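Listed below, chain by chain, are the residues.
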Amino acid sequence: MTSPQHGSGRPTRRVFLLGGLGAALGVSACGRTTVTGVNDPSTSATPVDAPSTPVSTELTGNYSIADSATGTQIDVTVTGDSRIIRANGLPNHPRGRFPNAHNPHTVSAQAYEFQLPLNGTQASRATPLVLPQPFGIAINGVPFDPLAAEWYQRDPASGWTVEAISPKTNLGLDDNNAHVQPTGAYHYHGLPTAVAGQRDASRHSPLLGWAGDGFPVYAGLGYADATDPASGITELTSSYRLRSGVRPDGPGGAYDGTYTEDFEFVAGHGVLDAANGRHGVTPEYPDGTYYYVLTDTFPFIPRQLVGTLAESFRHSGPGGRPR
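These figures come from a predicted structure and were not determined experimentally.

Enquirer: Please provide a residue-by-residue account of the overall build of the chain, values included.
Expert: Across its full length, the chain holds three helices and 21 strands. Each of the 323 residues in the chain was classed as buried or not, and the buried ones make up 51%. For the chain, the proportion of contacts with a sequence separation of at least 24, taken over those separated by at least 6, is 63%. Accessible area for the chain stands at about 14100 Å²; split by element, carbon and sulfur atoms hold 51% of it.

Enquirer: If you had to explain the pattern of salt bridges to someone new, which residues and values would you point to?
Expert: Scanning all chains against the criterion turns up nine salt bridges. One salt bridge in this structure joins Arg86 and Glu113, with 3.4 Å as the shortest N-O distance. One end of the pair, Arg86, is in strand E6 (residues 82–87); the other, Glu113, is in strand E7 (residues 112–117), and 27 residues separate them in sequence. On the accessibility criterion, Arg86 (34% relative accessible area) is partly exposed. Within the structure, one salt-bridge network assembled from shared partners comprises Lys168, Arg247, Asp256 and Asp262.

Enquirer: So what's going on with unusual backbone geometry? Which residues, and what values?
Expert: Geometrically, the link from Leu131 to Pro132 is a cis peptide bond, its omega value of 5 degrees lying close to zero. Relative to the helices and strands, Pro132 is located in the loop between strand E8 (122–128) and strand E9 (136–138). Following Phe298, the chain continues to Pro299 via a peptide bond in cis, the omega torsion being 15 degrees. Phi is positive for Asn276, which is not a glycine, with a value near 60 degrees. As for its position among the elements, Asn276 is in the loop between strand E18 (263–265) and strand E19 (277–280).

Enquirer: Account for the packing of aromatic side chains, with residues named and values stated.
Expert: All chains considered together, the criterion is met by 16 aromatic pairs. When the ring of Phe98 is compared with that of Tyr186, the centres are 6.2 Å apart and the planes differ by 75 degrees; the resulting orientation is edge-to-face. Linking Phe98 in the loop between E6 and E7 with Tyr186 in strand E12 (residues 186–188), this pair joins segments that are 88 residues apart in sequence. Note on Tyr186: relative accessible area 1%, which makes it buried. Following the ring pairs from residue to residue traces out a cluster consisting of Tyr240, Phe263, Phe265, Phe298 and Phe300.

Enquirer: Residue-level account of the confidence of the model for the chain, with values.
Expert: Residues at a pLDDT of 70 or more form 80% of the chain, whose mean pLDDT is 85. In the model, residues 1–24 has pLDDT below 50 throughout and makes 67 contacts with residues more than four positions away in sequence or in other chains. Contacts from residues 317–323, a stretch scored under 50 in pLDDT, to residues over four places away or in other chains number 36 contacts.

Enquirer: Give me the lowdown on the side chain of Ser238, citing residues and values where you can.
Expert: Note on placement: Ser238 falls in the loop between strand E16 (228–235) and strand E17 (240–242). Engagement of the side chain of Ser238 in a polar contact is seen with the backbone nitrogen of Tyr240, the distance being 3.0 Å. A distance of 2.7 Å separates the side chain of Ser238 from the backbone oxygen of Phe298, its partner in a polar contact. Discounting residues that sit within four places of it in the chain, Ser238 has contacts with His269, Gly270, Leu272, Asn276, Thr295, Thr297, Phe298 and Pro299.

Enquirer: An account of the side chain of Asn140 is needed here, citing residue identities and associated values.
Expert: Turning to its location among the elements, Asn140 is positioned in the loop between E9 and strand E10 (143–144). A distance of 3.2 Å separates the side chain of Asn140 from the side chain of Asn92, its partner in a polar contact.

Enquirer: Describe in detail the environment of Ser166, supporting the description with residues and values.
Expert: Positionally, Ser166 belongs in the loop between E10 and strand E11 (178–180). Given a relative accessible area of 17%, Ser166 falls into the buried group. Here the alpha-carbon distance between Ser166 and Thr258, two residues 92 residues apart in the chain, equals 5.1 Å. When residues no more than four places from it in sequence are discounted, the contact partners of Ser166 are Gly257 and Thr258. A distance of 2.6 Å separates polar atoms of two side chains, one belonging to Ser166 and the other to Thr169.

Enquirer: Tell me what's going on with the environment of Pro99, and back it up with residues and numbers.
Expert: Mapping Pro99 onto the fold places it in the loop between E6 and E7. By relative accessible area, which is 40% here, Pro99 ends up partly exposed. Through-space distance from the C-alpha of Pro99 to that of Gly172 is 8.6 Å; in sequence the pair is 73 residues apart. Among all residues touching Pro99, those that are not within four sequence positions of it are Pro104, His105 and Thr106.

Calculation rules
- Residues numbered from 1 in each chain as written.
- Predicted model: local features only at pLDDT ≥ 70, side-chain atom pairs only at ≥ 80, totals over all residues.
- Heavy atoms only, no water.
- Helix = DSSP H or I, 4+ residues; strand = E, 2+ residues; numbered from the N terminus.
- Buried < 20%, exposed > 50% of the residue type's maximum accessible area, 1.4 Å probe, protein only.
- Contact = heavy atoms within 4.5 Å.
- Areas by Shrake-Rupley, 256 points an atom, 1.4 Å probe, with all protein chains shown as cover.
- Salt bridge = Lys/Arg side-chain N within 4 Å of Asp/Glu carboxyl O.
- Phe/Tyr/Trp six-rings, centres within 6.5 Å; stacked < 30°, edge-to-face > 60°.
- pLDDT = per-residue confidence, 0-100.
- Polar contact = N/O pair within 3.5 Å; in protein donor to acceptor, adjacent residues only side chain to side chain.

Below, the structure is given as structure tokens:
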């Protein structure tokens with residue numbers, strides 16, 4: 001793993017990138033960040049203010065990130081048919097103030113080590129996520145973890161699960177839809193905007209990370225024809241929608257998105273399937289793959305896995321859930 005380097009006095013921004021990798025990684029605005037690929041970085045690295053290439057495939061291979069300002073450490077190694085990820089879970093972008101009034105925990109470094117399939121394999125049926133199972137891990141080593149251990153009247157048997165991102169819920173999320181668990185694990189409940197970068201309606205979304213079954217994860221813009229990069233860019237919309245009417249029991253009231261059960265999947269309502277993904281080509285996977293999409297609307301982060309969960313990722317992400 002690349003070691004962070006500290007200068008004297010006030011930290012300065014000094015970032016070295018491989019092609020368009022820096023934009024995809026959401027590099028920090030202070031301190032020293034080094035992003036290193038193993039394929040001869042001494043000749044491939046270019047200053048941060050150099051033009052970035054519109055297509056970057058470095059993230060599908062080996063790379064390391066070390067950020068002296070944020071403390072980020074991640075090392076990704078591809079060997080055989082596996083992608084091995086070692087990370088401390090600290091994001092390489094600014095994070096909110098923790099603890100805060102709605103999230104009483106302090107961020108601390110973790111010791112993640114995952115071995116994911118290099119190429120996922122779809123199973124005969126999708127598997128729903130169940131607490132405490134996280135969904136995946138971002139390219140900066142922070143887990144995607146959409147489920148919150150919050151229920152109506154704090155009763156898991158109530159049948160009504162509180163959503164982390166909803167009009168009436170405040171779990172102390174920061175600008176990247178993240179907060180902290182009792183273990184100190186910083187994790188994303190929704191789209192991490194600093195990782196996704198600025199939205200560009202003319203370009204395919206960047207690779208954001210990988211699910212626990214090895215399939216890649218993207219943000220909400222993709223090819224209009226999933227198999228044709230020349231077909232233009234379109235919004236990859238969720239096929240979930242709010243139910244109509246009122247809740248039959250529990251909290252009662254109109255369905256408003258406060259609870260997971262307020263939503264229903266309607267095939268064809270959007271572009272994506274029930275796992276919030278689809279099969280197609282992407283800049284990093286020109287031969288095609290199944291891929292997941294993080295959306296601005298429910299489910300935000302997918303709640304199902306279409307492939308087989310890697311054993312190293314099984315219930316091995318962040319531990320308890322903050323209230």
